[in-house]
Amino acid sequence: MDMNRHEFQLDDLIERIKANDNRLVALQVPEGLKMQALEMMDSIEEDTSARIILAADPCYGACDLVHDKMQRMGVELVAHMGHSQMNIDSGMPTEFINVTYDGDPAIDPVLPILKHHRRIAEARLSRVADEHEMSEEDAKEAFMDAVGRISPLKGTKLGLVGSIQHLHLIFEYKERLEAVGYEVEVPVGGARLSFPGQVLGCNYSGDSDEIGHYLFLGSGDFHPIGLVLHTGKPLAMLDPYTGGAEEMSFERIERILRQRFGLIMSCDEAESFGILIGEKPGQMRRNLALRMKRKIEKHGKKGYLMALEHVGPELIDFYPVDAFVNTACPRIAIDDSVRYAKPLITPFELEVALGEKKWELGYKFDEIP
Ligand code: SF4
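Residues numbered from 1 in each chain as written. Predicted model: local features only at pLDDT ≥ 70, side-chain atom pairs only at ≥ 80, totals over all residues. Heavy atoms only, no water.

Draft legend 1. Main features of the overall build of the chain. Helices and strands together make up the secondary structure of the chain, namely 12 helices and 15 strands. By the compact-globule yardstick of 21 Å for 369 residues, the chain fits well, its C-alpha radius of gyration being 22 Å. In terms of overall dimensions, the chain has a C-alpha envelope of 75 × 60 × 30 Å along the principal axes. Residues classed as buried in the chain amount to 53% of the 369 residues present. In the chain, 68% of the contacts between residues at least 6 apart in sequence involve partners at least 24 apart. (Helix = DSSP H or I, 4+ residues; strand = E, 2+ residues; numbered from the N terminus. Rg over C-alpha atoms; globule rule 2.2 N^0.38 Å. Buried < 20%, exposed > 50% of the residue type's maximum accessible area, 1.4 Å probe, protein only. Contact = heavy atoms within 4.5 Å.)

Draft legend 2. Quick look at the pairing of strand E14 (residues 323-326). On E14, burial covers both faces: Ala323 and Val325 on one face and Phe324 and Asn326 on the other are all buried. Where strand E12 (residues 272-278) and E14 come together, four bridges link them in parallel fashion. Paired with phenylalanine 273 across the strands is alanine 323, a residue of E14. In this sheet, strand E15 (residues 344-345) lies alongside E14 in parallel orientation, the contact comprising two bridges. Its bridge partner being in E15, phenylalanine 324 is matched across the sheet by leucine 344. Traced from E14 through helix H11 (residues 330-336) to E15, the parallel crossover comes out right-handed. (Pairing = 2+ DSSP bridges. Right-handed = clockwise from strand over helix to strand, strands pointing away.)

Draft legend 3. Seen up close, the packing of aromatic side chains. Evaluated as defined, the whole model comprises six aromatic pairs. Ring centres 4.3 Å apart and planes at 50° place the aromatic pair tyrosine 101 and tyrosine 241 in the tilted group. Of the two residues, tyrosine 101 is situated in strand E6 (residues 99-101) and tyrosine 241 in the loop between strand E10 (235-238) and strand E11 (245-247); the sequence distance between them amounts to 140 residues. Note on accessibility: tyrosine 101 and tyrosine 241 belong to one class, buried. (Phe/Tyr/Trp six-rings, centres within 6.5 Å; stacked < 30°, edge-to-face > 60°.)

Draft legend 4. Layout of the side chain of histidine 6. For histidine 6, the position within the fold is in strand E1 (residues 6-8). A relative accessible area of 9% means that histidine 6 is categorised as buried. Here tyrosine 241 takes part through its side chain, which lies 3.2 Å from a polar atom of the side chain of histidine 6. (Polar contact = N/O pair within 3.5 Å; in protein donor to acceptor, adjacent residues only side chain to side chain.)

Following this line, the structure appears as structure tokens:
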């Protein structure tokens, strides 16, 4: 990744610090940009009379805003870099700093994948139209999406999404894809998302029945895995850092689903559960945790509520419970469960383990709205 091609838009922050005459400012930087943090601190201190404290704890999203702890240190303003505002109140004045990347890869490498995925979407849509001619069993099979749900489509549009540092290019890419014959929708999600086409690891709320397949503009498979688990739709990826294109394979999703089902099965005999509540402002789902406790108790088992800022195996594995239910960042259970000695499952997976929801009706991704 060429860091020099990232643009850090510090001007609004510097104006705000000057206007408010802030003296102590906390800078919060995502993990991938921490190497540049000291340079940014220098540049803000040179242009203002504020002193900057780096909030050096790990930070993976805007759900993890610096909150009242730093107020006790005398911090007046939080500068949060690389993520956008979400529907939470951290209790601290916060300036969100945009980071954009100027990588602008050609669409040619991704076109064969999109063509293949559009055919999958068209086939699914036409099966919906043929529904009345099919046996119930055939129809059920035909409508299954990648996560085993029966969810007939209403369209085959290409949904164009991206991670935040590439979203400034999203409408340019929409035009390029339309020029080669795709009907493109840039989905607009709910209150947790700030921009058209934005997705988070825990929120894909812009999805609609009109979208038959997706293109993700970004790198890594974190967002793509969540998007396919949430929507069940084929997904292509175009990486602005390398210009490379690939798809999120159904085999990969199947492997994840098999692992999830294995964890659910291993909770079959569990008698006691630790229920994790995230303390970070945008991960705190206390009501969901309380609901899970009631369900567990309804089935004659024990549930213990446990609040943590960070979740890790060294912090929970030693408790004498049989399994854990995670209501903090949903991706802790999905992406990291192999690191834990005991089963770590999502609330939906708990409901399946307790026999309240049916696995056969399809996987339900744990979304934070
Ligand atoms: S996926 Fe997890 S870390 Fe990312 S925004 Fe959602 S809750 Fe936060």
